[in-house]
Amino acid sequence: MRVLLIEDDDRVAGPVMEGLNRFGFTVDHARTGADGLAADPSEMVLLDLGLPDMDGIDVCRALRLRSHVPIIMITARSDEVDRVLGLELGADDYLSKPFGVRELVARIRAVTRRARPTAPEADQEASSAANGLASGVQHLGPLIIDRRARQVTLHQAPVALAPKEFDLLAYLAQDPGAVCSRQQILDTVWEPNYFGPTKTLDVHVAALRRKLGDSSWIDNIRGIGYRLTPPPEASDPSSPEHSGNAL
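**Remarks on the overall build of the protein chain**
Each helix and strand counted, the protein chain has nine helices and twelve strands in total. In the protein chain, 53% of the contacts between residues at least 6 apart in sequence involve partners at least 24 apart.

Right, dumping it as structure tokens:
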């Protein structure tokens, strides 16, 4: 997701950009309201109310007049009137400084889910495609993932997965070959504010590899995370593994 951060204080912007990048977001930074209004289109706007050239409320009003892009206000102001006014002008949520990156990411994802029904047509099509994937049957070579029935088969044999193992496999399979960071996986498959041991992810990956019968199904990208990639022999009908049960 591409996010536009309109924030003049680099002491705030720097950590926010670094944190969002770790969660897989692409962040464009504008230091003034004018630069923010002139920036390329984004999928989410994080808007500081205390800007040097114009009030963030006016930026919110201008953005809403021309776009349905979700807006989260970021403010150090304690006056409730400002927050209420921003929400009435079309902001989707607000976050008070100081805040943590995980809370910000949770707000972004919550706002994105709520905003989908009123998104532009192109976003609706993308959302429909994503929903179709989530509710349908996906084929990855000999691996079949039925999300509605929460069932997995490999070489036509059922694979018994624990609930979190299925959720992890389904998440990685949404974009085969794409690298998902550890934090992205924990934040999605577990919960946005998961603070438990990250070792649990490695345990679930190891279990999945074992049940899929080939560790190369899930690549470990050192220092980043994991990706799902069907092994070359998985799509080769002449492979010896295809002559019997791969499990």
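**Quick notes on the nonpolar core**
Leu143, Leu168, Leu169, Ile185, Leu201, Ile218 and Leu228 are the most contacted members of the largest nonpolar core, which has 26 residues in total. Elements with a minimum of two residues in this core: β7 (143-146), β8 (151-154), α7 (163-173), α8 (182-190), α9 (199-212) and β12 (225-228). Once you skip the residues sitting within four places of it in the chain, Leu168 turns out to touch Ile185, Val189, Leu201, His204, Val205 and Leu208. Core analysis: the second largest hydrophobic core is formed by 18 residues, Val16, Phe25, Met44 and Ile74 among them.

**What to know about the pattern of salt bridges**
The full count for this structure, using the stated rule, is 13 salt bridges. Here Asp58 and Arg61 are joined by a salt bridge, their closest N and O atoms 2.7 Å apart. Here the residue Asp58 and the residue Arg61 both occupy positions in helix α3 (residues 56-66), the gap between them amounting to three residues, near one helical turn. For Asp58, a relative accessible area of 35% corresponds to the partly exposed category. In this structure, Asp219 engages Arg227 in a salt bridge whose closest nitrogen and oxygen atoms are separated by 3.2 Å. Residue Asp219 is classed as partly exposed on the basis of its relative accessible area of 22%. Given a relative accessible area of 29%, Arg227 falls into the partly exposed group. Taken together, the shared-partner salt bridges connect Glu7, Asp48 and Lys97 into one network.

**Quick look at the environment of Leu65**
For Leu65, the position within the fold is in helix α3. Accessibility expressed as a relative area gives 73% for Leu65, which makes it exposed. For the pair Leu65 and Gly90, spaced 25 residues apart in sequence, the C-alpha to C-alpha distance is 9.1 Å.

**Section: the sheet that holds strand β11 (residues 218-221)**
Spatial ordering of the open sheet is given by β10-β12-β11, a layout of three strands whose pairing is antiparallel. Looking along the sheet, the strands with just one partner apiece sit at the ends: β10 (180-181) and β11. Judged from the four bridges that link them, β11 and β12 form a sheet pairing that is antiparallel. Among the inter-strand pairings, Ile221 is bridged to a residue of β12, identified as Gly225.

**A word on the packing of α7 against α8**
One can describe the packing of α7 onto α8 by two numbers: an axis separation of 10 Å at closest approach and a directional angle of 125°. Between α7 and α8, the angle falls in the class oblique. Relative to α8, the crossing made by α7 is right-handed. Between α7 and α8, the contacting residues are Lys164, Asp167, Leu168, Tyr171 and Leu172 on the first element and Gln184, Ile185, Thr188, Val189 and Trp190 on the second.

**Some remarks on the confidence of the model for the protein chain**
Low-confidence regions, as indicated by low pLDDT, have predicted coordinates that should not be scrutinised in detail. Per-residue confidence for the protein chain gives a mean pLDDT of 80, with 79% of residues at or over 70. Here residues 117-132 is a poorly scored stretch, pLDDT under 50, and it has six contacts once near neighbours within four places are set aside; other chains count. Note that pLDDT drops below 50 for residues 235-247; the model gives that stretch 18 contacts with residues more than four away or on any other chain.

Definitions and cut-offs
Counting of residues starts from 1 at the beginning of each chain's written sequence and follows it residue by residue. This being a predicted model, a pLDDT of at least 70 is required before a residue's local features are given, and a value of 80 or more before pairs of side-chain atoms are given or counted; all residues contribute to the totals for chains, interfaces and linings. The side-chain values count all of the structure's non-hydrogen atoms but skip hydrogen atoms and water molecules. By definition, any uninterrupted DSSP run of H or I lasting at least four residues is a helix, any uninterrupted run of E lasting at least two residues is a strand, and each is numbered from the N terminus. Contacts were defined at the residue level, with two residues in contact if any of their heavy atoms lie within 4.5 Å. As used here, the term nonpolar core means buried Ala, Val, Leu, Ile, Met, Phe, Trp, Tyr and Cys residues forming a set that is joined through side-chain atoms within 4.5 Å. With a 1.4 Å probe rolled over the protein chains alone, any residue whose accessible area is under 20% of its type maximum counts as buried; one over 50% counts as exposed, and the rest are partly exposed. Here a salt bridge means any side-chain nitrogen of Lys or Arg lying within 4 Å of a carboxyl oxygen belonging to Asp or Glu. A pair of strands is labelled paired if DSSP reports no fewer than 2 bridges between them. Inter-axis angles, ranging from 0 to 180 degrees, are taken between N-to-C directions of lines fitted to C-alpha atoms, where helices are fitted over the stretch in contact. Should an angle lie under 35 degrees it is considered roughly parallel, over 145 roughly antiparallel, and from 65 to 115 roughly perpendicular; all remaining angles are considered oblique. Crossing handedness is read from the near helix: turned anticlockwise from the far helix by less than a right angle, it gives a left-handed crossing, and turned clockwise, a right-handed one. Summary of the metric used: pLDDT quantifies the predictor's per-residue confidence within the range 0 to 100.

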